[in-house]
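Residue-level structural notes
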Amino acid sequence: VPLNNVSPNAFEFTDPGTGRRLAAALDANFALVYDANKAKKGQFIQIYCNGLGPVDTTPPSGEPSSANPLARTTTAPTVTIGGRPAEVIFSGLAPGIVGLYQINVRVPADAPSGLQPVTIQMGNVTGKTTNLPIE
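This text gives an overview of the structure that appears in the document. The residue numbers shown here count from 1 along each chain, following its written sequence. The predicted nature of this model means local features are confined to residues of pLDDT at least 70 and side-chain atom pairs, given and counted, to a pLDDT of 80 or more, with totals for whole chains, interfaces and linings taken over all residues. Note: side-chain values were computed over all heavy atoms of the structure, leaving out hydrogens and water.

Examining the overall build of the chain
When its secondary structure is counted, the chain shows zero helices and eleven strands. Helix numbers and strand numbers start at the N terminus; a helix is a DSSP run of H or I with at least 4 residues, a strand a run of E with at least 2. Overall, the chain shows an N-to-C arrangement of helices and strands of β-β-β-β-β-β-β-β-β-β-β. We take the radius of gyration over the C-alpha atoms and set the globule estimate at 2.2 Å times the residue count to the 0.38 power. Taking 14 Å as the expected radius of gyration for a compact globule of 135 residues, we find that the chain reaches 14 Å, a close match to that expectation. The dimensions of the chain, computed from C-alpha atoms along their principal axes, are 40 × 30 × 25 Å. The buried label applies to any residue whose accessible area, calculated with a 1.4 Å probe on protein chains only, is under 20% of its type's maximum; exposed applies above 50%, and partly exposed to all values in between. By residue count, 41% of the 135 residues in the chain fall in the buried class. Here the analysis covers contacts within the chain between residues at least 6 apart in sequence; of these, 55% occur between residues at least 24 apart. In what follows, residue pairs with any heavy atoms lying within 4.5 Å of each other are defined as contacts.

Remarks on the pattern of salt bridges
Salt bridge, as applied in this entry: a Lys or Arg side-chain nitrogen positioned within 4 Å of an Asp or Glu carboxyl oxygen. What the rule picks out here adds up to seven salt bridges. Residue E87 pairs with R106 through a salt bridge whose shortest N-O separation is 3.0 Å. Linking E87 in strand 7 (residues 84–93) with R106 in strand 8 (residues 101–106), this pair joins segments that are 19 residues apart in sequence. Residue R106 is classed as partly exposed on the basis of its relative accessible area, which comes to 32%.

Quick look at the environment of S66
Along the chain, S66 turns up in the loop between strand 5 (44–50) and strand 6 (77–81). Residues S66 and G96, spaced 30 residues apart in sequence, show a C-alpha to C-alpha distance of 6.0 Å. Setting aside residues no more than four positions away along its own chain, S66 makes contact with A71 and P95. One polar contact links the side chain of S66 to the main-chain amide nitrogen of N68, over a distance of 2.9 Å. What qualifies as a polar contact is a pair of N or O atoms within 3.5 Å, subject to a donor-acceptor requirement within protein and to the restriction that residues adjacent in sequence count only when both atoms come from side chains.

Points about unusual backbone geometry
With an omega of 5°, the peptide bond running from N68 to P69 counts as cis. Counting through the fold element by element, P69 comes out in the loop between strand 5 and strand 6. Despite not being glycine, F30 has its phi angle at roughly 65°, a positive value. You can call F30 exposed: its relative accessible area is 57%.

Topic: the nonpolar core
In this structure, I45, I47, V79, I81, V105, I120 and L132 are the most contacted members of the largest nonpolar core, which totals 27 residues. Not counting residues within four places of it along the chain, the set of residues in contact with I81 comprises I45, A86, V105, V107, P108, A111, P117, V118 and I134. Within this scheme, the nonpolar core is defined by two criteria: the residues are buried Ala, Val, Leu, Ile, Met, Phe, Trp, Tyr or Cys, and they are joined through side-chain atoms within 4.5 Å.

Topic: the side chain of S91
Relative to the elements of secondary structure, S91 occurs in strand 7. What S91 contacts, discounting residues up to four positions off in sequence, is L52, A71, R72, T73, P77, Q102 and I103.

Listed below in structure tokens is the structure:
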């Protein structure tokens, strides 16, 4: 069975107000992004993921990832929001948590408003499209 080193996908949750599946993301104030708290253009958000592959600082099995040094992915992802490239400032293991990846990105200033598709690509592997409400 052929396997990839990566299989990038954002975690999702069901928005309680709309019933839509959305990317698990936090805004600049560490609040959940959903229909009642949309991501803002030009602001940074954290998208929580799995399958981003190897990191440069591997914590011991079952141990939380360190905040110093951060465990960064060895391949930088390409993220689009609303079809626009998003600036990635961090991709790696979420500090203080076991086995959870996060990608910190700036929502593109020219992203369309409303519910927008989000894609994550690691190398030549693109994950499943998810959605994020943009204000």
